[in-house]
Amino acid sequence: MSDLVHAELQDGIAVLTIDNPPVNALSPGVWAALGEAIDRAAADPAVQAIVLHGAGATFVAGADIHSFKLLRTRDDALGRVTASHALLERIEDVAVPVVAAIHGNALGGGLELAMACHYRVATRDASVGQPEVLLGLIPGAGGTQRLPRLAGTALAIELCVEGVPLRAAKAQAAGILDQIIVGDLLAGAVAFARTRVATGQPPRKTRELPLDAAAGLAAVTAARGALKSRLPAPHAAIDAIEAALTGSFADGSRRERALFADCVVSIESRALRHLFFAEREATKVPDVPKSTPVTPIARAAVIGAGTMGGGIAMAYASAGIPVLLKDVDPVAVEHGMTTIRKNYESSVARGKLSPEAYAQTLAQITPTTTYDGFEQVDIVVEAVFEDMALKQATFAELGRVTKPGCILASNTSTLDLDEIGAASGRPSQVIGHHFFSPANIMKLLEIVRGRQTSAETIASSVALGKRLGKVSAVVGNCFGFVANRMLGYYMREAYLLLEEGASVPQIDGALTAFGMPVGPFGMQDIAGIDVGARIRQHLASVGKVRTEGPQSEIPDRLFALGRYGQKTGAGWYRYEAGSRNRIADPLIDALATEAAARRGVARQPISDDEIVARTMTALANEGARVLEDGYALRAGDIDVIYCYGFGFPRHRGGPMFYADTVGLPAVLARIEDYRARLGEHWQPASLVSQLAAAGRGFHDVTT
Ligand code: 3HC
Ligand code: NAI
């Protein structure tokens, strides 16, 4: 018997336990061991029923996503899912009742396995779902055929197209689960199995349950009409479910397998699977082992009740952590609290937050203008103005007023964390917690380690990020860290494209068509043109520039004109009072024409492809430099930062994965072409040249 599936006979009931930590994923080995265990139990005359469950914290979280890498061709994929389908039908054909006992999660292949069992019982806190779509896939082990038979077509479509799991009570109401077990799951499942044996009835096969084809086809038509995604997987999920309604189980299964095979070899699915693992890797730091002690965070404080401080306080409150919100200015504190209340009230109005939860969450935030209570907090997050002298003064005070073990985090976006940390007198506890705006919503937390930041401070920040519901990536302390350092080059390319002849709406349009949620100019109108201008002013005052090479003068001219973006009613676009509709402004073309003349550039039409290629190449080339310099540990970390911090299209896998899909030799050729056409500032990062020469991609690189 394999280690991956254990079998035990308990008084006529065979208990089969899948044991593949951490989540009992169905690797090829688990499938094989499961087949053997089922066949052996089915052939044993002493076995009256079979109970299938998972060892550890969960039932089965799905097929082993790693193993999809081995499916290089569509035929490989068809072979794999054909074998899974056959095994699940073998389980369904077992003559004695087979009961799935679910705790934790039954997701993807896990739910498909459970649905091939004759009955399903679960703990109250269990969840079931078909999240394959989030990986660019559809269920490939019969999920699109059995789920509509258990739960009806409309719910099956919802689960497969949205990928959101159902909690046990809802799954029971929908017909997916037969019973909720209170108390010991295994004992309850064995007792349930005995009741099925006692009926003397043949076990119920899900694949033989009837389907309401008319209602189902109406649900299919409605779902197709409502589906906005242009990605292949959600459409394929509906197609496969439709096949369950129009043909036999065998026909539908064949269609599901073909659609799954198309999806699993698609670039979109590869990109999404890459991000699944990259997101989990990004918090792993070689010199911060898993055993590193973590500071328990029971109380927190935020300094600065402005845009970021208010959002950060909300993130803590929503995670149930009491937080002091301090500002020097009583009016700013009151203003911050009003904004926080309004944000939560809008969640209540949209039904996302109950009135009770609103009251409880708001009560976690205590506004203040003093340091009273700071001696009790376990972490302080500083979000005062972006000004080194002010941040240093603040950290000097924090070093005095907080207890020795307190973590001191800064939300600075560009300042040197080591300089800030030195002022506190205990730099080992100083770390960057770079949230993105709005901090209560945006998922990324860029965790910046300074030269002296301790392993414990890093490990505690990673654990805290998870508690706050953020996706974290640990990076080094360079100008702009990873996110904003690379953004500088992306924005510069957008400005230069404008000067060379493209228009603001064209550049934004090309990049939104590529998949960005908003183009570079629209984004800057939201964030504020003044922010970048002040950073450039500060850098100029210390003799530095944000990006070497040609600089566009247009952003500074807009700043001088008081056009800061949406907040002043004009920036790269014009805005009518009270509206966020972007209206193209001929003034920008006039400024671009002047700027081009001054630089001796002849303006001419530029294609959308060139816009995408230049901005994406700028990102990947600077990303390569970030990797070379060691400020990011892995190309995947950069991808995670861009997808969660700036909404880079997930189905393209992030800027570094996207460059790999273009091919690094092609990326290098583009850089050489730009150098010839546009100037010497285009130089390939040596990592790009090396990898291209070696026929490798960024995703072979770890440091
Ligand atoms: N395959 C391989 N590894 C998996 C996995 C899977 N299906 N699910 C989770 N893991 C790994 C994670 O990579 C992580 O590994 P690490 O510790 O080395 O980083 C570890 O398990 C723990 O995962 P999380 O950190 O995500 O743990 P959480 O407790 O936060 O979340 C979870 C648990 C909700 C199960 C979450 O991991 C999850 O959503 N997993 C993916 C579920 C999924 O998409 N299933 C469908 C797979 S595709 C499929 O089944 C196709 C089928 O139709 C044929
Ligand atoms: P903001 O101007 O909205 O808020 C700053 C707040 O700090 C003001 O309320 C001010 O009264 C308060 N303050 C100033 N001195 C103080 C002191 N000594 N003690 C207590 N409070 C003090 O600024 P914003 O946008 O919230 O930025 C704060 C920090 O976050 C900056 O370092 C910025 O670079 C960073 N950041 C900003 C992002 C954004 O999109 N706005 C994104 C990520 C980081």
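Calculation notes
- Residues numbered from 1 in each chain as written.
- Chains lettered and ligands numbered in written order.
- Predicted model: local features only at pLDDT ≥ 70, side-chain atom pairs only at ≥ 80, totals over all residues.
- Heavy atoms only, no water.
- Pairing = 2+ DSSP bridges.
- Helix = DSSP H or I, 4+ residues; strand = E, 2+ residues; numbered from the N terminus.
- Axes fitted to C-alpha atoms, helices over the stretch in contact; angles between N-to-C directions.
- Near = heavy atom within 4 Å.
- Polar contact = N/O pair within 3.5 Å; in protein donor to acceptor, adjacent residues only side chain to side chain.
- Areas by Shrake-Rupley, 256 points an atom, 1.4 Å probe, with all protein chains shown as cover.
- Salt bridge = Lys/Arg side-chain N within 4 Å of Asp/Glu carboxyl O.
- Buried < 20%, exposed > 50% of the residue type's maximum accessible area, 1.4 Å probe, protein only.
- Parallel < 35°, antiparallel > 145°, perpendicular 65-115°, else oblique.
- Contact = heavy atoms within 4.5 Å.
- Nonpolar A, V, L, I, M, F, W, Y, C, P; charged D, E, K, R; others polar.

A. Fine view of the sheet that holds strand E10 (residues 300-303). The strand order E12-E11-E10-E13-E14-E15-E16-E17 describes an open sheet built from eight strands, whose pairing is mixed. Of all strands in the sheet, those with a lone pairing partner are strand E12 (365-368) and strand E17 (471-476), marking the two edges. The sheet shows a mean angle of 25 degrees between the axes of neighbouring strands, direction not considered. Pairing geometry for E10 and strand E13 (residues 379-382), over four bridges, is parallel. If you follow alanine 301 over to E13, its bridge partner there is valine 380.

B. The arrangement of the site of ligand 1 in detail. Taken together, 24 residues sit near ligand 1, with Gly109, Glu112, Glu132, Arg280 and Lys284 positioned nearest. The contact in question runs from a nitrogen atom of ligand 1 to an N or O atom on the backbone of isoleucine 65, over 3.0 Å. One nitrogen or oxygen atom from the side chain of lysine 284 is found 2.7 Å from an oxygen atom belonging to ligand 1. Computed on the free molecule, ligand 1 has an accessible area of 990 Å², of which 73% lies beneath the protein chains in the complex.

C. Structural view of the pattern of salt bridges. Taken as a whole, this structure holds 39 salt bridges when the rule is applied. When the shortest N-O distance is used, the salt bridge between aspartate 39 and arginine 90 registers 2.7 Å. Here arginine 90 lies in helix H2 (residues 74-92) and aspartate 39 lies in helix H1 (residues 28-43), a separation of 51 residues in the sequence. Judged by its relative accessible area of 36%, aspartate 39 falls in the partly exposed class. The partner of glutamate 610 in a salt bridge is arginine 614, and the shortest N-O contact between them spans 3.0 Å. With glutamate 610 and arginine 614 both in helix H24 (residues 608-628), this residue pair falls four residues apart, about one helical turn. Overall, the relative accessible area of 18% leaves glutamate 610 in the buried class. By relative accessible area, arginine 614 is classed as buried at 0%.

D. How the structure looks around the packing of helix H9 (residues 232-246) against helix H10 (residues 249-264). Remark: H9 packs on H10, axes separated minimally by 8 Å, with the N-to-C direction vectors making an angle of 170 degrees. Judged on the interaxial angle alone, H10 and H9 are roughly antiparallel. Contact residues: Ala233, Ala236, Asp239, Ala240, Ala243 and Ala244 in H9; Gly252, Arg255, Glu256, Leu259 and Cys263 in H10. Of the residues assigned to the contact of H9 with H10, the class counts are seven nonpolar, one polar and three charged.

E. Representation of the pairing of strand E6 (residues 119-123). Of all five residues that make up E6, five are buried, and the element is covered over most of its length. Residues Tyr119, Val121 and Thr123 point to one face of E6 and Arg120 and Ala122 to the other, with burial holding for every one of them. Where strand E4 (residues 98-102) meets E6, four bridges bridge the pair, whose relative direction is parallel. Paired with valine 99 across the two strands is tyrosine 119, which belongs to E6. Pairing analysis gives three bridges linking E6 to strand E9 (residues 179-181), with the strands arranged parallel. Each residue of the ladder has a partner; that of valine 121, found in E9, is glutamine 179.

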